[in-house]
There are 2 protein chains.
Amino acid sequence: MNILITSGGTSEKIDDVRHLTNHATGRLGKEIALALKEESLAIHYVHGPQAVLPDNQNCQFYPIASVKELYNIMETLLTTISFDYVIHSMAVSDYELDVATDEELLAKKIAEDVLKNSFETPEDLTTIIKNSLLHSDNIPQNKQKKISSKNDKLILMMKKAPKIIGHIKQWQPNTYLIGFKLLVDVPEENLVSVAQESIVKNHADLILANDLIHIKDSQHLALLISKDGIEQRYTTKKEIAQGIKKIIVSK
Amino acid sequence: MNILITSGGTSEKIDDVRHLTNHATGRLGKEIALALKEESLAIHYVHGPQAVLPDNQNCQFYPIASVKELYNIMETLLTTISFDYVIHSMAVSDYELDVATDEELLAKKIAEDVLKNSFETPEDLTTIIKNSLLHSDNIPQNKQKKISSKNDKLILMMKKAPKIIGHIKQWQPNTYLIGFKLLVDVPEENLVSVAQESIVKNHADLILANDLIHIKDSQHLALLISKDGIEQRYTTKKEIAQGIKKIIVSK
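Residues numbered from 1 in each chain as written. Chains lettered and ligands numbered in written order. Predicted model: local features only at pLDDT ≥ 70, side-chain atom pairs only at ≥ 80, totals over all residues. Heavy atoms only, no water.

Asker: Help me understand the overall build of chain A, please; the structure alone is not making it clear to me.
Answerer: A count of helices and strands for chain A gives seven helices and 13 strands. For the C-alpha atoms alone, the extent of chain A along its principal axes is close to 65 × 40 × 35 Å. Relative to all contacts within chain A whose residues are 6 or more apart in sequence, the contacts with residues 24 or more apart total 67%. In the structure as shown, chain A presents an accessible area of about 11,500 Å², 48% of it carried by carbon and sulfur atoms. Distance from the positive charge centre (29 side chains) to the negative charge centre (33 side chains) of chain A: 4 Å. (Helix = DSSP H or I, 4+ residues; strand = E, 2+ residues; numbered from the N terminus. Contact = heavy atoms within 4.5 Å. Areas by Shrake-Rupley, 256 points an atom, 1.4 Å probe, with all protein chains shown as cover. Lys, Arg positive; Asp, Glu negative; His and termini not counted. Charge placed at Lys NZ, Arg CZ, Asp CG, Glu CD.)

Asker: Would you mind going over the relation of the copies chain B and chain A with me for this structure?
Answerer: Think of it as a corkscrew move, a rotation about one axis and a shift along it, taking one chain copy to the other. Once chain B has been moved 0.0 Å along the axis and rotated by 180 degrees, it coincides with chain A to within an RMSD of 0.0 Å. The operation mapping one copy onto its partner corresponds to a two-fold rotation axis. Using C-alpha coordinates, one finds that chain B approaches the rotation axis most closely at Leu20 of chain B, a distance of 2.2 Å. Both copies present the same face, since 100% of the interface residues in chain B are matched by interface residues at the equivalent positions in chain A. (Least-squares fit on C-alpha atoms with pLDDT ≥ 70 in both.)

Asker: Mind showing me how you'd approach the domain arrangement of chain A here?
Answerer: Accessible area lost on assembly of the parts is the figure often given for the size of an interface. Residues and elements named next belong to chain A. Examined at the domain level, chain A breaks down into domain 1 (2–93 + 162–250) and domain 2 (97–160). On a C-alpha basis, the centres of domain 1 and domain 2 stand 35 Å from each other. With nine residues of domain 1 in contact, the opposing surface of domain 2 contributes eight residues. Counting the surface lost from both domain 1 and domain 2, the interface buries some 740 Å², and carbon and sulfur atoms represent 64% of this. When the buried area of domain 1 at its contact with domain 2 is split by residue, Ile14, Asp15 and Arg18 rank highest and sum to 54% of it. For the interface between domain 1 and domain 2, the tally reads zero salt bridges. Contributing elements (two or more residues each) for the side of domain 1 that touches domain 2: strand S2 (11–13) and strand S3 (18–22). Taken together, the residues of the side of domain 1 that touches domain 2 break down into four nonpolar, no polar and five charged. (Domains from an automatic or database assignment. Buried area = accessible area lost by both parts, 1.4 Å probe. Salt bridge = Lys/Arg side-chain N within 4 Å of Asp/Glu carboxyl O. Nonpolar A, V, L, I, M, F, W, Y, C, P; charged D, E, K, R; others polar.)

Asker: I would appreciate a short explanation of the sheet that holds strand S2 (residues 11–13) of chain B in the present structure.
Answerer: Two orientations exist for strands paired in a sheet by backbone hydrogen bonds: parallel and antiparallel. If you walk across this open sheet you meet the four strands as S2(A)-S3(A)-S3(B)-S2(B), and the pairing is antiparallel. Whereas interior strands pair on both sides, the edge strands pair on one side only; in this sheet they are S2 of chain A together with S2 of chain B. Here the strands of the sheet are splayed against their neighbours by 25 degrees on average, with no regard to which way each runs. Here three bridges tie S2 of chain B to strand S3 (residues 18–22) of chain B, and the two strands are oriented antiparallel to one another. Residue pairing across strands places Lys13 of chain B opposite His19 of chain B, the latter belonging to S3 of chain B. (Pairing = 2+ DSSP bridges. Axes fitted to C-alpha atoms, helices over the stretch in contact; angles between N-to-C directions.)

Asker: In this structure, what is going on with the sheet that holds strand S7 (residues 95–101) of chain B? I would like to understand it.
Answerer: Strands sit in the order S7(A)-S8(A)-S8(B)-S7(B) across an open sheet of four strands; the sheet is antiparallel. Strands with a single pairing partner mark the edges of an open sheet, and in this sheet they are strand S7 (95–101) of chain A together with S7 of chain B. With direction set aside, neighbouring strand axes in the sheet form an average angle of 30 degrees. Bridge count between strand S8 (residues 153–160) of chain A and strand S8 (residues 153–160) of chain B: seven bridges; the pairing is antiparallel. Note on S8 of chain B: the bridge partner recorded for Lys159 of chain A is Lys153 of chain B.

Asker: Help me understand the side chain of Asp211 of chain B, please; the structure alone is not making it clear to me.
Answerer: The residue Asp211 of chain B is located in strand S10 (residues 206–211) in this model. Only 2.9 Å separates the side chain of Asp211 of chain B from the backbone nitrogen of Val186 of chain B, close enough to count as a polar contact. (Polar contact = N/O pair within 3.5 Å; in protein donor to acceptor, adjacent residues only side chain to side chain.)

Asker: So what exactly am I meant to see when it comes to the UniProt feature "domain: DNA/pantothenate metabolism flavoprotein C-terminal" (unreviewed entry) in chain A here?
Answerer: Mapped onto the present numbering, the UniProt feature "domain: DNA/pantothenate metabolism flavoprotein C-terminal" (unreviewed entry) falls on residues 2–112 and 140–249 of chain A. Between the end C-alpha atoms of residues 2–112 of chain A there is a gap of 55 Å, over a span that is 30% helix and 32% strand. (UniProt positions renumbered as here; feature names shortened; annotations may be inferred.)

Asker: Even after reading the chapter, I still don't get unusual backbone geometry, so can you show me in this structure?
Answerer: Residues apart from glycine generally show negative phi values, whereas peptide bonds are mostly found in trans. All names here are of chain B. For Asp185, which is not glycine, the phi torsion reads 60 degrees and is therefore positive. Here Asp185 lies in the loop between strand S9 (176–183) and helix H6 (188–202). Its identity is not glycine, yet His203 carries a phi of approximately 55 degrees, on the positive side. Among the secondary structure elements, His203 is positioned in the loop between H6 and S10.

Asker: I keep staring at the packing of helix H3 (residues 103–116) of chain A against helix H4 (residues 122–134) of chain A and nothing clicks. Help me out?
Answerer: When two helices pack together, you describe them by how their axes are tilted relative to each other and by the distance separating the axes. Residues and elements named next belong to chain A. Interhelical geometry of H3 versus H4 gives an angle of 130 degrees and a closest axis separation of 9 Å. Considering their axes alone, H3 and H4 lie oblique with respect to each other. In the packing of H3 onto H4, the handedness of the crossing is right-handed. Taking contact as the criterion, the partners of Leu106, Lys109, Ile110, Asp113 and Val114 in H3 are, on H4, Leu125, Ile128, Ile129, Ser132 and Leu133. (Parallel < 35°, antiparallel > 145°, perpendicular 65-115°, else oblique. Left-handed = near helix turned anticlockwise from the far one by under 90°.)

Asker: I would appreciate a short explanation of the interface of chain B and chain A in the present structure.
Answerer: Taken together, the contact pairs 51 residues of chain B with 51 residues of chain A. Between chain B and chain A, a total of about 4,900 Å² is buried, with carbon and sulfur atoms accounting for 65% of that surface. For chain B, the biggest contributors to the area lost against chain A are His19, Tyr95 and Lys153 of chain B; these three give 12% of the whole. For the pair chain B and chain A, the interface holds six salt bridges. The partner of Arg18 of chain A in a salt bridge is Asp94 of chain B, and the shortest N-O contact between them spans 2.8 Å. Top contributing element to the side of chain B that touches chain A by residue count: helix H3 (residues 103–116) of chain B, with nine residues. Broken down by class, the residue content of the side of chain B that touches chain A amounts to 24 nonpolar, 10 polar and 17 charged.

In structure tokens form, the structure reads like this:
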């Protein structure tokens, strides 16, 4: 049986020194891999730069940093190997860098766009400026290897990164997909509805939904959500890992 | 003898999940603390979230994340304890978050500022927009705990963070300050001149200058710069640590 686990967080490069990342530690993915240690499984383990790794001889490791790198390795794996399960626990950045600029360069570009277009109402002007910001691939870029700190502002224009979870069933329609959703300080009904939207949109089979305010030290509250609603409740990473193991072993 | 070492990198919070950080590992600060293990020193060790830590019983640890937290702990330490040496090897972010916004909110704010001011030339218009960007504390802020990904752009307006190295001699004029400067892919003469500018500007006694392209695995080329020029050349972290130990022991 082949399993694909993603774990940890992605890291988007701003320049050769700086990067934008998230607080994912990879501890949950590690627990899941360890829970599956006894089974005769081949685990393909894709992980972010800071992720703690499981000591599991059945694991083959694929390190990635950016969402783009994650996309490439996931596409390669899912179009060449048949996976029984994909456990996509990685915290993937919603945004990637479009351009790093400063107040001088950005003001000049917006002024040019305003002067090129005529406007009558304040709403027209807002639309022109909004379009100027949306086309930030045209904004003069600070291409220094380490962006100098001479300007008062460093302006990071981030664009949407590809949604990896949305591609998994496109690459491999017959795999069983367990996705993960992290929100912060929301009511439980929101957690459930957001998870169910993800099930529909991404053709996921199950979503493990959790709230950052309920993840502390050894505690890790989580809900396993199907299209029908809450299937299971967990209170620790070990319980989550055992719950996922049970799904895999019982099928 | 009291020594203050800073090590690792800072991390600026974007929201409860995301943060902007750098590639500093803290390995160099760790080597320096380990080199000083045999000496009867009290080491106060301020470190970033991802930094590897030395196993040295003489060390008292102070974890920080943001530049603001670093500023506060450094001010407290340097105004209450007399330090013989400050070894400031931490990679401190030049910028901190001013506001996280999106194309809708930012366009509206710039349009308002343009309509409030009259302009005749393209340069006038650029200046109005530049001032609008500079006053980004007025820009409507995305205050969600986890910024949602519904907008096409996430625009991070970063402002200058306080320069910690510039405050050290203000807080404690009589300490001996060894600063660190990291550049990327520059000629050696630039490294020397930038280090010497830092010595003048920040009243540093020595600057350890290094270039990211010469830091790989076990290799770590670095120059020890004084106001007179290059004092020493090092090729590994251990050599740098021994070099700094020699300065401290010989004085």
